[in-house]
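Summary of the model geometry
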Amino acid sequence: MKPVLQVTGLRKSFGGVVAVDGVSFEVHEGEILGIIGPNGCGKSTLFNCILGQLVPSAGDIRLDGVDVTGSTPEAMNRRGVSRTFQLLQVFPELSVRENLILAGQEHRGTMLARLFGPGDAGLTAEADRMIGFFRLSHLADAKAGSLSYGQQKLLDAAMAFMAGPRLVLLDEPAGGVNLTMLADLKERLRAMNAERGATFVVIEHNMDFVMSLCSRVIVMVEGKVLMTGTPAQVRSDPAVLEAYLGN
Ligand SMILES: Nc1ncnc2c1ncn2[C@@H]1O[C@H](COP(=O)(O)OP(=O)(O)OP(=O)(O)O)[C@@H](O)[C@H]1O
Ligand SMILES: [Mg+2]
């Protein structure tokens, strides 16, 4: 299988704290890869380094074989790589549609001033396709801030997919989402993968969510990769149980 993303020997330290300590892994074309691990083990920092929010202390990141280490988030967006953040990043005063258009513009690196201008480069149409895909049609014109938390998380995920989607990194998409919305979210992410060929990496603490969504799971502990395997392998690994699931 062709790797979309290759991370090699990635390291990030903050003063004396080594948050990511020599992490290597590949993401294959069309896969849904999970990342689990205890609080503070470096998962979000890893995403920050990949997307260019942080400059890694060492190691390299390749996208389709091209070295993109140290690229800006804007440059990564233009290459079709985007992410969601652990804390919601929707604009509460803007409508669902406007949030999606804005996300699309950020990904393409066009100017904010064009948001409501005539030449929206097909973004309104794409936003409406995404609204339909994520089943938010009845809320298209509602202010994002008026949506339930779960609906906002769904919108947040949809915004990340406005980039293309080539590769999307989701940081705790299920966090704080109720059971009904969770099933919805999982089903939509699966469809995004199956119908649109989106490749994604999902950080999650919700084990059932990760294990049922992902084909492969990376377990991180204290900045390092403890193991990588199928959900079944990860679930039954004694080291994982001891380091993570058992605590
Ligand atoms: N900007 C920063 N400055 C200093 N230390 C940081 C910074 N960002 C993260 N850290 C530290 O790096 C370590 C890893 O944090 P990170 O947020 O990556 O963990 P995480 O695995 O995402 O945790 P969680 O599951 O709680 O979201 C922690 O010790 C954290 O305090
Ligand atoms: Mg985190």
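Above: the structure in question.
These notes cover the structure that comes with them. Treat the numbers as computed from the prediction; the structure is a model and nothing was measured. Sequence positions are assigned chain by chain, starting from 1 and proceeding in written order. Chains carry letters from A onward and ligands carry numbers from 1 onward, assigned in written order. Local features in a predicted model are, by the rule used here, given only for residues with pLDDT of at least 70; side-chain atom pairs are given and counted only at 80 or more, and totals for whole chains, interfaces and linings are based on all residues. For side-chain calculations, the full set of non-hydrogen atoms in the structure is used, while hydrogens and water are omitted.

When helices and strands are tallied, the chain shows nine helices and ten strands. Taken over the C-alpha trace, the chain has a radius of gyration of 18 Å; the compact-globule value for 247 residues is 18 Å, and the two agree within 12%. Projected onto the principal axes, the alpha-carbon positions of the chain cover approximately 55 × 40 × 35 Å. Buried residues are those whose accessible area, probed at 1.4 Å on protein chains only, stays under 20% of the maximum for their type, while exposed residues exceed 50% and partly exposed ones sit between those limits. Looking at the chain residue by residue over its 247 residues, the buried ones come to 51%. Contacts are assigned to residue pairs that have any heavy atoms within 4.5 Å of one another. Across the chain, every contact between residues at least 6 apart in sequence was considered, and the portion connecting residues at least 24 apart equals 67%. Per-residue accessibility takes into account occlusion by the displayed protein chains alone, with areas from the Shrake-Rupley method and a 1.4 Å probe. Summing over all exposed atoms, the chain offers an accessible surface of approximately 10,600 Å²; the carbon and sulfur share of this is 53%. The averaged location of the 26 negative side-chain charges in the chain is 3 Å from the averaged location of its 23 positive side-chain charges. Helix and strand labels come from DSSP, where a helix needs a run of H or I of at least four residues and a strand needs a run of E of at least two; each type is numbered from the N terminus. When we talk radius of gyration, it's over C-alpha atoms, and the globule rule is simply 2.2 Å times the number of residues to the 0.38. The charged-residue count follows a simple rule in which Lys and Arg add positive charge and Asp and Glu add negative charge, with His and chain termini not counted at all. Charge placement uses NZ in Lys and CZ in Arg. For Asp and Glu, CG and CD serve respectively.

Turning to the pattern of salt bridges, a few remarks are in order. We define a salt bridge as a side-chain nitrogen of Lys or Arg found within 4 Å of a carboxyl oxygen belonging to Asp or Glu. Taken as a whole and judged by the stated rule, the model has 15 salt bridges. With a closest N to O distance of 3.7 Å, Arg 83 and Asp 171 form a salt bridge. With Arg 83 in strand E6 (residues 81-83) and Asp 171 in strand E7 (residues 167-171), this pair connects stretches of sequence that are 88 residues apart. Given a relative accessible area of 1%, Asp 171 falls into the buried group. Its salt-bridge partner being Arg 135, residue Glu 187 comes within 2.9 Å of it at the nearest N-O pair. Here Arg 135 lies in the loop between helix H4 (123-133) and helix H5 (149-160) and Glu 187 lies in helix H6 (residues 179-196), a separation of 52 residues in the sequence.

Here we come to the site of ligand 1. In this text, near means that some heavy atom of the residue lies within 4 Å of the molecule or strand in question. If you check the shell around ligand 1, you find 13 residues, and the closest are Gly 40, Lys 43, Thr 45, Gln 86 and His 205. Whenever a nitrogen or oxygen atom comes within 3.5 Å of another N or O atom, the pair is scored as a polar contact, on the condition that within protein one atom can donate a hydrogen and the other can accept it, and that pairs from neighbouring residues in sequence are kept only if both atoms are in side chains. Between Gly 40 and ligand 1, the recorded distance is 2.8 Å, taken from a backbone N or O atom to an oxygen atom. Within the contact set of ligand 1, an oxygen atom lies 2.9 Å away from a side-chain nitrogen or oxygen of Ser 44. When the free accessible area of ligand 1 is taken as 640 Å², the share hidden by the protein chains comes to 61%. In terms of residues, the shell around ligand 1 owes the most to one element, helix H1 (residues 43-51), which gives three residues.

Turning our attention to the state of the cysteines. Disulfides are defined in this document as cysteine sulfur pairs within 2.5 Å. Per the counting criterion, the structure on display carries zero disulfides. A disulfide-free cysteine, Cys 214 has its sulfur positioned 15 Å from the sulfur of Cys 41, the nearest such atom.

The next subject is the side chain of Asp 156. Within the secondary structure, Asp 156 is located in helix H5. Not counting residues up to four positions away in its chain, the partners in contact with Asp 156 are Thr 84, Phe 85, Leu 88, Gln 89 and Val 90.

Turning our eyes to something else, we now look at the sheet that holds E6. The strand order across the open sheet formed by six strands is E6-E7-E8-E3-E9-E10, and the pairing between neighbours is mixed. Two strands bound the open sheet, and with one partner strand each, they are E6 and strand E10 (224-229). Within this sheet the neighbouring strands show an average axis-to-axis angle of 20°, counted without direction. At least two bridges found by DSSP between two strands is the condition for calling them paired. Relative to strand E9 (residues 216-221), strand E3 (residues 32-36) is paired through four bridges, and the arrangement is parallel. What sits directly across from Leu 33, in E9, is Arg 216. To obtain each axis, a line is fitted to C-alpha atoms, and for helices this fit is confined to the stretch in contact; angles are then taken between N-to-C directions over 0 to 180 degrees.

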